[in-house]
Amino acid sequence: MSDVLLTIRDLKIEGRSDEEWMPIINGIDLTLHKGEVLGLIGESGAGKSTVGLAAMGYTRDGVRISGGSVEFDGVDLVNAPLMKKRALLGKRIAYVAQSAAASFNPAHKIIDQHTEGPVRHGVMSEGESARDAMDLYERLRLPNPEEIGFRYPHQVSGGQLQRAMTAMAMSCRPDLIIFDEPTTALDVTTQIEVLAAIRDIVDQFGTAAIYITHDLAVVAQMADRIKVLLKGDEVEEAPTREMLDHPQEEYTRSLWAVRSFKRPAKPVPAGDATPVLSVQNVDASYGVTQVLFDVSFDIHQGRTVAVVGESGSGKSTTARCITGLLPPTSGVIQLDGEDLPLDYRKRSKDQLRQVQMIYQMADTALNPQKTIGEIIGRPVEFYMGLRGKARRDRVAELLNEIEMPPEQYIDRLPSELSGGQKQRVGIARALAAEPKFIICDEVTSALDQLVAEGILKLLARLQDDLKLSYMFITHDLATVRAIADEVVVMKDGEVVEQGPKADMFKPPHHPYTDLLLSSVPEMDPDWLTNLLEARGRENIGDAAVGRMDD
Amino acid sequence: MSSLLRIIAQRLLLGVLTLFIVSIIIFTAVNMLPGDFAQAILGQSATDEAVAAIRRDLGLDQPPITRYWVWLTDTLSGDLGTSFAQANFASFTGSETGGGTTVMAQIAPRFENTLFLAGVTALIAVPFAVGLGILAALFRNSAFDKGSNMFALTSISSPEFFVAYILILFLAVLNPILPSLSNIYEGMGFGERLQKTLLPALTLTLVVTAHMMRMTRAAIISLLASPYIEMARLKGMKPMRVIVHHALPNALAPIINVVALNLAYLITGVVVVEVVFVYPGIGQLFVDSVKIRDIPVVQACCLIFAAAYILLNLMADILSILSNPRLRHPK
Amino acid sequence: MSVLVWIAAILAALLAGGWAFRFAGQTATGNKPYFRDMPFAVAFGYVAAAAAILGGLWLWFQPGAVFFRWAVQGFVISAIAAFIFRLAGRHVGTEGTRKMFRQMPLTAAFGILVILIYAVLAIFAGVIAPYEQAQVFTGVNILPGGDPATGGDPAHPLGTDQIGRDLLTRLIYGAQNTVGIAFVTTCLAFLLGGTFGFLAAVIGGWLDNVLSRMVDVLMAIPSLIFALLLMTIASAWAGSQQWLLTIYMILIIAVIDSTRVFRLARAVGQNIVVMDYIEAAKLRGEGMSYLIFKEVLPNATAPLLAEFGLRFCFVFLTIAALSFLGVGIQPPLADWGTMVRDLAQFINFAQFSPLAAALPLMAAGAIALLTVAVNFVVDWMLHRSSGLKD
């Protein structure tokens, strides 16, 4: 086994919390051969980034390697002298971080940061390295490879920066690159470009890589082998195809199953039914910049309308118009066929009650100083006038509704709950008002897939029980598939296409919808290859990039 | 680039405007004095004619807006008026020309002395504090860091006169290395002047260093958690290079701000320290004038202090704008 | 010049010592990682610390180093007292306070102890102090120590001042006057600045604009200078009524200081106002008072409490400085700033009588001790609430 590059044996890592060392990783083995790509997947808290960094012999502040060994090409990275370790980092092992925008130093030009490694490690002179950088930029299909390096990081878009960072990692031609969720922060259509670029360059130079992600579909495109982690333990490891086709462990199967949750669309309502909520020809602007252009759609009782689009497409602005936080400059918003005052301050208590909202970040949506009972109890008291025991009973009822035993949770603070539980409390607070219509603003995008699935199922059940109508804002098409009855696709403040779900996932489409839909990674390991072939290689470099990166 | 110039022009304009409003506040405050200065000087037994004469002499019989305008235009042309303490004597003796000292003549040499003191302090304190802050950030959580933090907290908390008397006790009385009185006069040699200024300067240094050091340390440490610092470490860069090349350029804005803030604080600190060391600066003049209610001098000193303060804050503002690559290189 | 040469020589010796120390460590331990990866600066630090301790020991046995011995003794006694206090706190009181004491650094324990002592002195000054604060005795300039052989008097353990007032009494009453006035002033500043700050943050719009510009202008004048200017005017208004001047001083400093409180309260408020739970409450149709008192304020208490400590120190030091300059708290009220000014000349007798020189330092030290204590506590609170591990 002479081609083994990295061996990790029984790696144990601890993190410091409240003056105590708590285990994060409880003994993980890992072997990586030269030129091989290993996918490391798991939900948040699985310790995948920690393992990735430990593979470089590096731990963050407040974290330490407490046992086991990390051996890179004959060097024991746990016990090596600092000098020796530093000589390896950046030169033979490189790192690509999650957020390129945050990981490039804002004070220096991109190319200066690129050449820093080769120059300091004595691999190339500054001039050589700069020329090499341009070559790498070209290979990674960055526009203007001659010139882009002389910009500052803030002058370059996210997708391009991520590729520039991959180029930087390649600057010393390392043997191993750690990719730590390199596409998580990007929009789906941009993600494709970065994935393709990364895969190609790793291929061209025969670099070994550890690819860390929480997205199964992504890792299926990139990795030769996949290792699944759960709370610091290894669940299983197998070659990619084998793992996708025949997962052995219960946990892995449940991860795989998330993507298959889909509920059938409800029948289309009669044409003359009054919609619960109707948005008609709404324009809106922030100051002088117009951000919404003639947006119209209807939401009928008991149905879910998913509003889909990438960041900046105006979906959240639409929600702000409906709630009245941002009064539209023109247009009408109707509830049950009656006009709603455009400014929320002018709406009656009952009108406010009928439209409720669930937020993306449950952390900022719940007052950290109030108990769960107070948070849910306030709308109960405010709208229903219930007090004392009646109020407490109603809160308990609502907690049961969201599957959180009241006696256990009613007196807790939000900080004592998990992310999924906080989101459930947010749902209960909306339910407490007994509304007709709820806006769900990216409610699952901050959650792990299994937890997100639980929330989606809960929302679906509540809809059936209470005949609720949802407007579901999301950028994730898997969520749309799972829960929507109708879909509204938005781009740059305009509705591009809308219709029942069944139609939306069947061609023909508006070209943008097409791009959006085809960009969602699928579990098939050949998906990316096939897609790129279908789109035509040249196309990718120009059309899509030009559109997304401006 | 043009947006940068526009921002700077805006700040400058705002600074001038602020100074203008401050001058109104100072003038109004002074005019809220009960009764009349002329009366206050001459006492209850003064004849009406004498009071009226002094009023005319000092221009006190004009309406407030006229007096403000005269004061403002005079000030802008460098004429800060005549010190009341002397004016009183002049008009009392019936001299038409008024043999009093002008405020300008009183303030100018003292202002120079104060600038010298503040300059010496800044030259010692700024490099010392920033260096110490960088070291504390580099060796954070070590005994050195904790020790310097405790020292910083202690010296921030101590009143200037406490620090001053401690230094006098150890460096002037018990071990006569430096003089405890800073009797500076014109025509003094630079070396001697420096020696006499050293003790007040050291006092002020101790007072301002702590704050600057803590802020430098905090600014750098808050950056050390950022992904680009981790990236630099993962590129195999040495700790010193990580701090100096990667963290420091991004910490410049907060550091510049805190340096300017402390230089501005020197203005306040200078008052007490000058009194302790009998240093003939503008601070001491200010306190003396406050005690005898010599209004033109108080007014002028206030304006000078405020102007210096505004100017320093303005400079900090502009420098930290210039240190921000996002503003220097817009998209 | 010779001083500079000495300093350079010592520095060179320490640098050499640092290198030798690391080398010795590496050879002695067979190149253990600790010594192998030790930066030179750390080695230098160890040697410098050792040198400082040796130097301190040498100084301790010098006959002239009276003040050094006092300082070391004071430091050790404070540390022991703080340690015992923390130990007691860990075993007495409710579960909550015991947990708090368990996580507390020694500096914070020391701070709390000092604040408690000051509070007791200030509240019960009339009971604790042996005499009246304005009472004049025949013995003038009696030295502290209470030993007649060194110029003391057992009846006046800390001596008397230049007109024969008992200094122990005046120090204790000083706690009441100086600390009490500073406390009232700070509360007033918070009431003013806090109210307007939160209103500006929650209501925003033109009110925020107007208030912020006003505060900007007021803050463009250095606070001590502005206070001195206004005190000049106030002293003319007050005339011979000294107590009125003290009231004016409280108002003036409270107004000047409320601008700083305004800035903080507004910033804290604005950070909270953008939270989604505030938006949820607004969309529910809640009124302004519910928003401020039920949603914003509970989340602002931690930073505001820390700021209260800092502002108190600032106000306290400003009042002390004003008194030191002779325009602050007026006689016959005993006050530490005035005491320092009155006793300052004794410092020049340090070589002949260390006890005499200690007189002004006692009052100044009393001021410093309290602000140091408050700062220690605030530092710990900020550290705890920021949750930083650094």
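Criteria and cut-off values
Residues numbered from 1 in each chain as written. Chains lettered and ligands numbered in written order. Predicted model: local features only at pLDDT ≥ 70, side-chain atom pairs only at ≥ 80, totals over all residues. Heavy atoms only, no water. UniProt positions renumbered as here; feature names shortened; annotations may be inferred. Pairing = 2+ DSSP bridges. Helix = DSSP H or I, 4+ residues; strand = E, 2+ residues; numbered from the N terminus. Axes fitted to C-alpha atoms, helices over the stretch in contact; angles between N-to-C directions. Contact = heavy atoms within 4.5 Å. Phe/Tyr/Trp six-rings, centres within 6.5 Å; stacked < 30°, edge-to-face > 60°. Parallel < 35°, antiparallel > 145°, perpendicular 65-115°, else oblique. Left-handed = near helix turned anticlockwise from the far one by under 90°. Nonpolar A, V, L, I, M, F, W, Y, C, P; charged D, E, K, R; others polar.

As annotated in an unreviewed UniProt entry, chain B carries the name Peptide/nickel transport system permease protein and is attributed to Roseivivax lentus. Word for word, the UniProt comment on chain B under Subcellular location (unreviewed entry) is "Cell membrane". In UniProt, chain B has this text filed under Sequence similarities (unreviewed entry): "Belongs to the binding-protein-dependent transport system permease family."

In the annotation of an unreviewed UniProt entry, chain A is listed under the name Peptide/nickel transport system ATP-binding protein and assigned to Roseivivax lentus. According to its UniProt record, chain A has this under Subcellular location (unreviewed entry): "Cell inner membrane".

Visitor: Looking at this structure, I do not really get the sheet that holds strand E6 (residues 93-96) of chain A. What am I missing?
Guide: Within a sheet, adjacent strands bond to each other through the backbone by hydrogen bonds, running parallel or antiparallel. Residue and element names in this part refer to chain A. Judged by pairing direction, the sheet is mixed, and its six strands sit side by side in the order E6-E7-E8-E3-E9-E10 without closing on themselves. Here the strands that pair on one side only, and so sit at the sheet edges, are E6 and strand E10 (233-239). Neighbouring strand axes in the sheet, compared pairwise and without regard to direction, differ in orientation by 15 degrees on average. Pairing analysis gives four bridges linking strand E3 (residues 37-41) to strand E9 (residues 225-230), with the strands arranged parallel. Each bridged residue has a counterpart across the sheet, and for Gly 39 the counterpart in E9 is Ile 226.

Visitor: Whenever I open this one, the UniProt feature "domain: ABC transmembrane type-1" (unreviewed entry) in chain B confuses me. Can you help?
Guide: In this structure's numbering, the residues bearing the UniProt feature "domain: ABC transmembrane type-1" (unreviewed entry) are residues 111-316 of chain B. Annotated as 84% helix and 0% strand, the span residues 111-316 of chain B places its first and last C-alpha atoms 22 Å apart.

Visitor: Explain the sheet that holds strand E17 (residues 437-441) of chain A here, please?
Guide: Residue and element names in this part refer to chain A. Ordered by their spatial adjacency, six strands build an open sheet running E16-E17-E18-E13-E19-E20, and the pairing between neighbours is mixed. Each having just a single partner strand, strand E16 (355-358) and strand E20 (494-500) make up the two edges of the open sheet. Along the sheet, successive strands turn relative to each other by an average axial angle of 20 degrees, direction set aside. Where helix H21 (residues 511-519) meets the sheet, its contacts fall on strand E13 (304-308), strand E19 (486-491) and E20, and the angle it forms with E19 comes to roughly 105 degrees.

Visitor: So what exactly am I meant to see when it comes to the packing of aromatic side chains here?
Guide: Pairs of aromatic rings are described using the distance from one ring centre to the other and the angle between the two planes. Residues and elements named next belong to chain C. In total, this model carries 20 aromatic pairs over all chains according to the counting rule given. Between the aromatic rings of Phe 21 and Phe 35, the centroid separation amounts to 6.1 Å while the plane-to-plane angle is 70 degrees, which identifies the pairing as edge-to-face. Here the residue Phe 21 occupies a position in helix H1 (residues 2-28), and Phe 35 occupies one in helix H2 (residues 33-36), the gap between them amounting to 14 residues. In textbook terms, an aromatic cluster arises when at least three aromatic residues are bridged by ring pairs, as seen for Tyr 118, Phe 312, Phe 316 and Trp 336.

Visitor: I tried to follow the packing of helix H7 (residues 143-157) of chain B against helix H9 (residues 190-224) of chain B on my own but got confused; where do I start?
Guide: Packed helices, taken two at a time, are described by the angle between their axes plus the distance between the axes. Residue and element names in this part refer to chain B. Where H7 meets H9, the closest approach of the two axes is 8 Å, and the angle between their N-to-C directions is 135 degrees. What the angle tells us is that H7 and H9 run oblique. In terms of crossing hand, the pair formed by H7 and H9 is left-handed. Contact with H7, carried on its side by Asp 145, Ser 148, Asn 149, Phe 151, Ala 152, Leu 153, Ser 155 and Ile 156, involves Leu 206, Ala 210, His 211, Met 213, Arg 214 and Arg 217 of H9 and no other residues of that element. A class-by-class count of the residues in the contact of H7 with H9 yields seven nonpolar, four polar and three charged.

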